[in-house]
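Commentary on secondary and tertiary structure
So the chains spell out like this:
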Amino acid sequence: DDDGYFEFIIKNQAKTGFIYVDKKFQQKINILQFNNPKVGVISDFDDTLIVSNVPNKIKLIQNLLTKNYKQRILIQTTAQKIKKILHKYPNAPFIIVSASPYQLYLPIKKFLSYHNFPQAILLLKQIHGKNKESFNQFEYKVVKIEKLFKQFPNTKWYLFGDSGERDKDVYEFLQKKYPHKILKINIRKVLE
C-alpha cells in the first residue's frame, strides 16, 4: 500500500504457509508454517497483555510516551494463561489483533520478546493513508478475526481481551456466528 505494508499467502500442494512481513525498513520476512494447527491464540494487546490504561487517555499517553518496553507492566495472569496454552500446543499460532497503530510495531515486538513470549504475528491498525482501517473498534476487530478464521479453517481459538473497549462484544458476536471456532473467551476486567 502507500505506506509500504503488504501481506500475502502462498499455498502449494504440500503445505499452507502464512507469510507475515515485518516493516520494510527491517528487511525481514518470517515464514510461519502452521500445518493446519488444531488450536490457536488470538489476543488483544493493550490492557490485556500490557497495562496501558486505554479508558483513561491521559494515563494512556503517559504510559506510551514516558516508558520504554522494559518499564511497561506485564499483565501476569493473562501472560501465564497464554504461555501455558502455547506450551501445551507448540505449533499453535499466536496472533495479536490490536487497534494500536503500526507505528507501535517495534515497541510491542520488543515488549513481547522481553517477556519471553513465543513469536507472535502482530495485526495492528493502519490509521492513515489510502488503506486506513475503520476507527470503529468492533468492526475493525471482527474483520481481522474473521480473516484469520478463513486462513486457518481447521483451527479452534482461545480468545483473550479486556473490558476496556469492545473485546467482549466482538468475541460474543464471533462466538454466536462461529460457535465451532472458539474454544474459550478470556476477558480481563479493566479497573478505571
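For the structure itself, look to the data block above.
Residues numbered from 1 in each chain as written. Predicted model: local features only at pLDDT ≥ 70, side-chain atom pairs only at ≥ 80, totals over all residues. Heavy atoms only, no water.

**Some details on the overall build of the protein chain**
Threshold: Only DSSP runs of H or I covering at least 4 residues are called helices, and only runs of E covering at least 2 are called strands; the numbering of each starts at the N terminus. Only protein chains enter the accessibility calculation, which uses a 1.4 Å probe. A residue is then buried if its area is under 20% of the maximum for its type, exposed if over 50%, and partly exposed in between. Surface exposure here means Shrake-Rupley accessible area, sampled with a 1.4 Å probe, where a residue is shielded only by the protein chains that are shown.
A count of helical and extended segments in the protein chain gives five helices and eight strands. The secondary structure elements of the protein chain, listed N-terminal to C-terminal, are β-β-β-β-α-α-β-α-β-α-β-α-β. Buried residues in the protein chain amount to 44% of all 192 residues. For the protein chain, the exposed area adds up to about 11,000 Å²; of that, 53% sits on carbon and sulfur atoms.

**A short note on the nonpolar core**
One recurring pattern in soluble globular proteins is that nonpolar side chains are buried together. The criterion, for reference: Side-chain atoms within 4.5 Å link the members of a nonpolar core, which is a set of buried Ala, Val, Leu, Ile, Met, Phe, Trp, Tyr and Cys residues. Only heavy atoms enter the contact rule, under which two residues are in contact if any of them lie within 4.5 Å.
Judged by nonpolar contacts, the single largest core of 24 residues is most densely connected at Phe94 and Leu112. Looking at this core, the elements that each hand over two or more residues are β4 (39-43), α2 (76-88), β5 (94-101), α3 (105-114), β6 (121-125) and β7 (156-162). The contacts of Phe94, once residues within four sequence positions are left out, are Val41, Ser43, Leu49, Ile82, Leu86, Phe117, Pro118, Gln119, Ala120 and Ile121. Counting 17 residues, the second-largest nonpolar core is a separate cluster that includes Val142, Phe149, Trp157 and Val170.

**So, the pairing of β7**
Looking along a regular strand, one sees the side chains alternate between the two faces of the sheet. Operational definition: Strands qualify as paired when DSSP identifies two bridges or more between them.
Burial of β7 is extensive: six of the seven residues sit out of reach of the surface. Pairing between β4 and β7: five bridges, direction parallel. Among the inter-strand pairings, Ser43 is bridged to a residue of β7, identified as Phe160. Relative to strand β8 (residues 182-188), β7 is paired through six bridges, and the arrangement is parallel. Along β8, the bridge assignment pairs Phe160 with Asn186.

**Some details on unusual backbone geometry**
Of note in this structure, Asp47 is not a glycine but carries a positive phi near 65°. Note that Asp47 resides in the loop between β4 and α1 (57-66). In this structure Asp47 comes out as buried when scored by relative accessible area, which is 2%. One non-glycine residue, Asn116, lies in the positive phi region at around 60°. With respect to the helices and strands, the residue Asn116 is situated in the loop between α3 and β6. Among the residues examined, Asn116 registers a relative accessible area of 62% and is labelled exposed.

Keep in mind that these numbers describe shape and distance, not what the molecule does.
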